[in-house]
Amino acid sequence: MQFQLPSNLQQHLVKYDPELKKVIAAAKPKVTRNNLGLPDDLIPSYIISKEELLQAVTNINTELVEDRYRVFQKDTGEVKAIIYHIESLWVAAWLPKPGEDYIYGISFAFKPGAFKKLNIPYGKDGRLFNMDNVITKKYGRIDFCTWTDYITKDSIEAGLTTPYWEHNATGYKQKVIQIKRGIKLFTDQLQQTIPHWKDDGTHNMFKRLDLKTNNYKYILRILGESPSLPGVDLYKTYLDADNRYILDTPWFKRYINTEAQKIIDAFNHPDTKSPDVLVDIHGDIKKILAWINEILNIWPACPIDYLQTAISNDVFRALSIYSLSPSNLVHAWLNTYLPVESFFKIITKYTEEWLSRCTNYSHTTKYNATFSSLRDTIAMLDQILTAGQTIDPPKRWRIDEFHDHIQTKAWTIKNPNQELPQDLFPTPIKVLDKEQTWTFFQPKDTHQLSQWGQAVRNCVGTADSYASNVRAKKVFIVLCMQDNKPLFTVQLKVANGLMSVDQITGLSNARLSLEQKEQYTKVFAQALKQREDELKS
């Protein structure tokens, strides 16, 4: 009678089975002991006992290159130390116990003849180690050079920010892949023990510990003599002296202190991803204060409620900031003719329309809406006033209308008047059709062309290319009115005796409907017939 033993029972009773012992022995890979040395004190014994460390380095001596490492963990799974050997160098690193005043410990060990090929890292102060400050000792019969240091906050500030525990294992060689996995476990554990920005990688993990750069002045680029802590005193420095009183009013004091506290909280919170979070909040405050500065410099008596409402509605935060009064002349003109209430209606209306188009807008997202009509209008107003000219205010404050109102005058100041040829229609041609009077004519000069562009609200009067092509007799520009009201702008070309329409637009560059095109074709043909009759006579 025979019984087949289960495999686990076979293993348990192997000492009773000489034949099975031979089979198992033959199947085991032969252990080759490497001559790497047994440095059993590279990690302090109160972190890893000398017996446990000796066992680890003994095992490493029997492993293939890619497995020559050991990660030491607590019962909770937290990593407390690592040791590995690669390319003639032993590297050990460990974390301090609670209450100890250092960030991590690091040790190296190597045989004296191997130093030149180790590419040993140096700190910025040259303190890491070299052959002048190593300790020579024997492990068994083998001589080793060893070096140990405890990296503290002072060490970090002195420049020792390199992750030295990764030395010799940072490449992409196949033999270090497994070791790198062990190193990453140590790195991740180390990173959890120190303040760090969440977005910082391994090589920047100490940025938050470096007091030279991890402070409000450095991060927020606060100028020398300004207060270094975010708050009312700091933000007053971003306002002109006459406008600083605004931050002493209850609403603004609360607002600034609330925003400043967001910066302070983000600076201290361990989950803050990057110092850019602080910079963004600070930048928004500065932008809002720049807007307030511009407004109070023009309208010193501006009601505070207007400013508060604009902030609450994200107007100042959303709009790009630029100078509203580039010169004293513009400053005085705006103060005289543009009521501050109308100004706020203009920028609020634009912001509301712009935000309605930004479906992904949020209070934590950076946006800069360019109010180009306002910016260009201010620039053109400055051009007109600086040239000694005057401009009447509009009857109602609509920024697009005022922009068009002053565009022509600004263009004529910048561009001297030049005559234009009128070979097609030297005098206006009138055509009666369906009780409507159509008038066709060519502009006599560039200023008349500019005035026409203002009337029909297109760029034909202010784009140099149109006038240049007319002067060069490459095209004809024909202006069309219906019952003395501007209607169409037409650009025509002639080739082989055939005149063709190159461009035709209605008011505000509107395209013509099919019915309009048919009617225009009919009456323009009559205008050409009248011009032909004039030439015959």
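Residues numbered from 1 in each chain as written. Predicted model: local features only at pLDDT ≥ 70, side-chain atom pairs only at ≥ 80, totals over all residues. Heavy atoms only, no water.

Undergrad: Which residues make up the overall build of the protein, and what are the values?
TA: Within the protein one finds 18 helices and 11 strands. Sequence separation of at least 24 residues holds for 62% of the intrachain contacts in the protein that already meet a minimum separation of 6. Roughly 29900 Å² of accessible area belongs to the protein as shown, and the carbon and sulfur atoms make up 51% of that amount. (Helix = DSSP H or I, 4+ residues; strand = E, 2+ residues; numbered from the N terminus. Contact = heavy atoms within 4.5 Å. Areas by Shrake-Rupley, 256 points an atom, 1.4 Å probe, with all protein chains shown as cover.)

Undergrad: Would you mind going over the packing of helix H10 (residues 304-312) against helix H13 (residues 340-357) in detail, with residue names and values included?
TA: Taken N-terminus to C-terminus, the directions of H10 and H13 make an angle of 5 degrees; their axes are 11 Å apart at the nearest point. Our classification of the angle between H10 and H13 gives roughly parallel. Listed contacts from H13 to Tyr 306, Leu 307 and Ala 310 of H10 are Val 340, Glu 341 and Phe 344. Partitioned by chemical class, the residues of the contact of H10 with H13 number five nonpolar, no polar and one charged. (Axes fitted to C-alpha atoms, helices over the stretch in contact; angles between N-to-C directions. Parallel < 35°, antiparallel > 145°, perpendicular 65-115°, else oblique. Nonpolar A, V, L, I, M, F, W, Y, C, P; charged D, E, K, R; others polar.)

Undergrad: Please give an account of the sheet that holds strand S10 (residues 485-495) that cites residues and values.
TA: One open sheet holds the five strands; their spatial order is S7-S8-S9-S10-S11, and the pairing between them is antiparallel. At either margin of the open sheet sits one strand with a lone partner, and together these are strand S7 (429-433) and strand S11 (498-505). Adjacent strand axes in the sheet meet at a mean angle of 30 degrees, parallel and antiparallel pairs treated alike. Taken together, the seven bridges between strand S9 (residues 476-482) and S10 define a ladder with antiparallel strand orientation. (Pairing = 2+ DSSP bridges.)

Undergrad: I'd like a description of the nonpolar core, backed by residues and values.
TA: Ranked by size, the top nonpolar core spans 66 residues in total, and within it Ile 292, Ile 295, Leu 307, Phe 316, Phe 343 and Phe 344 carry the most contacts. A total of 10 residues in this core trace back to one element, the largest contributor, which is helix H9 (residues 276-298). Those residues within four positions of Phe 316 in sequence are excluded, and the remaining contacts are Lys 287, Ile 288, Trp 291, Ile 292, Ile 295, Leu 307, Ala 310, Ile 311, Phe 344 and Ile 347. If you look at the next biggest cluster of nonpolar residues, it comprises 32 residues, including Ile 86, Phe 115, Ile 156 and Ile 179. (Core = buried A, V, L, I, M, F, W, Y, C linked by side-chain atoms within 4.5 Å. Buried < 20%, exposed > 50% of the residue type's maximum accessible area, 1.4 Å probe, protein only.)

Undergrad: Summarise the side chain of Thr 351; cite the residues concerned and give the values.
TA: Assignment of secondary structure puts Thr 351 in helix H13. With a relative accessible area of 2%, Thr 351 lands in the buried category. Aside from chain neighbours lying at most four places away, what touches Thr 351 is Asp 314, Val 315, Ala 318 and Leu 319.

Undergrad: How would you sum up the pattern of salt bridges? Please name residues and give values.
TA: The tally for this structure, following the rule as stated, stands at 19 salt bridges. Residue Glu 534 pairs with Arg 531 through a salt bridge whose shortest N-O separation is 3.2 Å. With Glu 534 and Arg 531 both in helix H18 (residues 514-536) and three residues apart, the pair spans about one turn of that helix. A relative accessible area of 35% means that Glu 534 is categorised as partly exposed. When salt bridges that share partners are traced, they join Asp 284, Asp 314 and Arg 317 into one network. (Salt bridge = Lys/Arg side-chain N within 4 Å of Asp/Glu carboxyl O.)

Undergrad: Please give an account of the packing of aromatic side chains that cites residues and values.
TA: Aromatic ring pairs are reported here in terms of the distance separating the ring centres and the angle at which the planes meet. For the structure shown, the criterion picks out 28 aromatic pairs. Consider the rings of Trp 333 and Phe 402, whose centres lie 5.6 Å apart with planes at 20 degrees: the pair is stacked. Linking Trp 333 in helix H12 (residues 328-337) with Phe 402 in helix H15 (residues 399-414), this pair joins segments that are 69 residues apart in sequence. As far as burial versus exposure is concerned, Trp 333 and Phe 402 are alike and both buried. Taken together, Trp 291, Trp 299, Tyr 306, Phe 316, Tyr 322, Phe 343 and Phe 344 form an aromatic cluster joined through their ring pairs. Above the ring of Trp 197, the side-chain terminus of Arg 208 is found at 3.8 Å from the ring centroid. Seen from the ring of Tyr 218, Arg 221 lies directly overhead, with NZ or CZ sitting 4.8 Å from the centre. (Phe/Tyr/Trp six-rings, centres within 6.5 Å; stacked < 30°, edge-to-face > 60°. Lys NZ or Arg CZ within 6 Å of the ring centre and 35° of its normal.)

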